[in-house]
Amino acid sequence: MASTPGPDPLEDSSEDERPKWDNKLQYFLSCVGFAVGLGNIWRFPYLCQSHGGGAFLIPYLIALAFEGIPLFHLELAIGQRLRRGSIGVWKAISPYLSGVGLGCFTVSFLISLYYNTVLTWVLWYFLNSFQHPLPWSTCPLNLNQTGFVEECQGSSSVSYFWYRQTLNITIDIDYSGSIQWRLLVCLAACWAILYLCVIRGIESTGKVIYFTALFPYVVLTIFLIRGLTLPGATEGLIYLFTPNMQTLQSPRVWLDAATQIFFSLSLAFGGHIALASYNPPRNDCEKDAVTIALVNSMTSLYASIAVFSVLGFKAANDYGRCLDRNILSITNEFEFPDQSISRDEYPDVLTHLNATQPERLAGLHLESCRLQDFLDKSASGTGLAFIVFTEAILHMPGAPMWAVLFFAMLFTLGLSSMFGNIESVITPLLDMGILPKWVPKEVLTGTVCLVCFLVATCFTLQSGNYWLEVFDKYAASLNLIIFAFFEVIGVVYVYGMERFCDDIEWMTGRRPGFYWRVTWKVISPLLLLTFFVAYIVFLVWTTLSYKAWNPQYKQFPSRQEKSYPGWVQAICALLSFLPALLVPGVALAQLPIWRRQKQENVQQNIRLKLQVSEVSDSEVR
């Protein structure tokens, strides 16, 4: 039978006024929507493919078991027990840990800025998908109407639409360029949609989440079924999952596996603490943590199969077109009858000509056509979503329909993740009582969304994509590892392991077993310290650089690698370390308060002793 702890001094006296989820499904879908995001679609498949295929699952599952699930359970449990947002939880545990909550709040704010900008691009592509042919299917004509635009001819219609017609990107981060008004309008629309969804907190997001969390699975299933019927799908899946155990010798593979688990579950953002704080106190948070973490990982695998079945089709299609170009060159040069050489016969014809007329064949400068080379041309992030996958869609029958479905899926995936991000910002502000109680919550929510929109307008500049990459690389990674470490230390060694286990037993009816206790107390902190050291080493040995789109570059359409200028490197350093410095900064700021309280306590004790002595003297008289 579960023990019943006595009254907890950390309990909020006003917890009955705190909103609650309408049902368990709303909470479950909200956590799944927050955890399952764009990274499951465009980062995990790339990591799996580039880090040894099926072999990558070994470090991934180890990181899930000993880092992801334990930390996830810890966040859900402490948020549910203390019923506060990230700042309130760590301040209640110890005022010296307030910086952890403030740091999580800061990082969530920064991530919200650029994450919603990605949704801006998705919305732009979604709106452009309602036309046939798709606008990125062909190059536009030049000003004289005598040919195609040179920049497009030198790259591809898909790349041109992304870099020039969408971003209108500059050739250097030093040159900001002007605001792209079409992107600014889409950015405003995205923040307006988000505001309407989160206007009343979990009361409104709890209704919308049924669609935003489930719709992506419907679309993924449609893409999976269609993708598996396409030629080349089998080759794509074999390429994705063929294990290469030698890659496990690289420390980078293990670090990438750990960080993927970390960011895919949205650990240390503060969002899961906020979402769990609206749960009933007796909710089974252990079961929730394990179930949601497994759903998140299975979604990554599911998405990988759907994505690479389509990318396998694209590779097979590109390989076939490469063969066709070579066959056409051979047919014209050696005056073979039209369509006399099939793709299957091409290798034999090539071998025969290479043996009989090698010099004449060499003069054709035929392309090297290998299916493996085309399968290697995968990408992650925006490169996968807006270039590689959009090009694959062009070759599918009914391309506009597939484009609409794909970008609608990305938008709902990102939107449900933004619910958690913005909740990580709004809930702590509500808990701190920034505004008087008579001010409606809608005002605070609107103010936050408006401020985020105004700050995020910098990403709609022509250099906005470069700045988004800066925020994506440096705003979260190191900070979240540090915050997660202090979260574990704060709960296990400040709040107390036994006290925490008592709380979980009271909430779930089961006391945490050996696995939970040893991961919280030893394994997770050591893993986080290892990741921290490894990340610092990679940061020191890696040149701070970016890849610029420059039509004048000699190797165009390859992007030109440039080093960040000094002032941008300074911003990278600030983003990497400033939020984390809030932890020691706030702790040091608490010292004068502690000393003052100590002096007040001493003075109060002296006054009490004097009063007692005076009473004693009067009684003697």
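Residues numbered from 1 in each chain as written. Predicted model: local features only at pLDDT ≥ 70, side-chain atom pairs only at ≥ 80, totals over all residues. Heavy atoms only, no water.

Caption draft 1: Focus on the overall build of the protein. Looking only at helices and strands, the protein has 24 helices and two strands in total. Dimensions of the protein along its principal axes, counting C-alpha atoms only, are 130 × 50 × 45 Å. Burial statistics for the protein: of 621 residues in total, 53% are counted as buried. Partitioning the contacts of the protein with sequence separation of at least 6, the portion at a separation of at least 24 is 82%. Of the accessible surface of the protein, which amounts to about 27600 Å², a share of 62% is contributed by carbon and sulfur atoms. (Helix = DSSP H or I, 4+ residues; strand = E, 2+ residues; numbered from the N terminus. Buried < 20%, exposed > 50% of the residue type's maximum accessible area, 1.4 Å probe, protein only. Contact = heavy atoms within 4.5 Å. Areas by Shrake-Rupley, 256 points an atom, 1.4 Å probe, with all protein chains shown as cover.)

Caption draft 2: A look at the packing of helix α6 (residues 98-128) against helix α9 (residues 181-198). In contact at an axis separation of 8 Å, α6 and α9 are set at 110° when each is read in the N-to-C sense. When the axes of α6 and α9 are compared, the pair comes out roughly perpendicular. Handedness of the α6/α9 crossing: right-handed. Together, S112, N116, T117, L119, T120, W121, L123, W124 and L127 of α6 and R182, L183, C186, L187, A189, C190, W191 and L194 of α9 make up the contact between the two elements. When its residues are assigned to classes, the contact of α6 with α9 shows twelve nonpolar, four polar and one charged. (Axes fitted to C-alpha atoms, helices over the stretch in contact; angles between N-to-C directions. Parallel < 35°, antiparallel > 145°, perpendicular 65-115°, else oblique. Left-handed = near helix turned anticlockwise from the far one by under 90°. Nonpolar A, V, L, I, M, F, W, Y, C, P; charged D, E, K, R; others polar.)

Caption draft 3: Summary view of the packing of aromatic side chains. Overall, the coordinates contain 38 aromatic pairs when judged by the stated rule. Seen in terms of ring centroids, W467 and W567 are 5.6 Å apart; in terms of plane orientation they differ by 50°. Their pairing is tilted. Here W467 is found in helix α21 (residues 464-474), whereas its partner W567 is found in helix α24 (residues 566-620), with 100 residues between them in sequence. In this structure W467 comes out as buried when scored by relative accessible area, which is 12%. (Phe/Tyr/Trp six-rings, centres within 6.5 Å; stacked < 30°, edge-to-face > 60°.)

Caption draft 4: Here's a closer look at the state of the cysteines. Applying the stated criterion across every chain yields a total of two disulfides. Residue pairing for C322: its cysteine sulfur links by disulfide to C369, the two sulfurs lying 1.9 Å apart. When the S-S torsion is -80°, as for the bridge of C322 with C369, the disulfide is left-handed. Residue C322 is found in helix α14 (residues 285-334), and its partner C369 is found in the loop between α16 (358-362) and α17 (371-375); the two are separated by 47 residues along the sequence. C369 shares its class with C322; the two are buried. Described in terms of the sequence order of its bonded cysteines, the disulfide pattern of the protein is 1-2, 3-4. This cysteine, C501, is not joined by any disulfide, and C285 carries the nearest cysteine sulfur, 11 Å off. (Disulfide = S-S within 2.5 Å.)

Caption draft 5: Structural view of the pattern of salt bridges. Inspection of every chain in the model, using the stated rule, returns 21 salt bridges. The shortest N-O distance in the salt bridge between E442 and R200 comes to 3.6 Å. One end of the pair, E442, is in helix α20 (residues 441-456); the other, R200, is in the loop between α9 and α10 (202-228), and 242 residues separate them in sequence. Look at E442 and you get partly exposed, because its relative accessible area is 25%. It is possible to trace a salt-bridge network through shared partners that takes in E498, D502, E505, R511 and R517. (Salt bridge = Lys/Arg side-chain N within 4 Å of Asp/Glu carboxyl O.)

Caption draft 6: Up close: the confidence of the model for the protein. Residues of the protein with pLDDT of at least 70 account for 92%, and the chain-wide mean is 87. Element-level pLDDT for the protein is lowest in α24, with a mean of 76, against a maximum mean of 96 in α9. (pLDDT = per-residue confidence, 0-100.)

Caption draft 7: Region of interest: α20. Under the 1.5 Å per step criterion, the end-to-end length of α20 is 23 Å for 16 residues, consistent within 8% with the ideal 22 Å. Burial in α20 covers these residues: L444, T445, V448, C449, C452, F453 and A456. Among the structural elements, α6, α9 and α19 (399-432) are those in contact with the buried residues of α20. (Expected span 1.5 Å × (residues − 1).)

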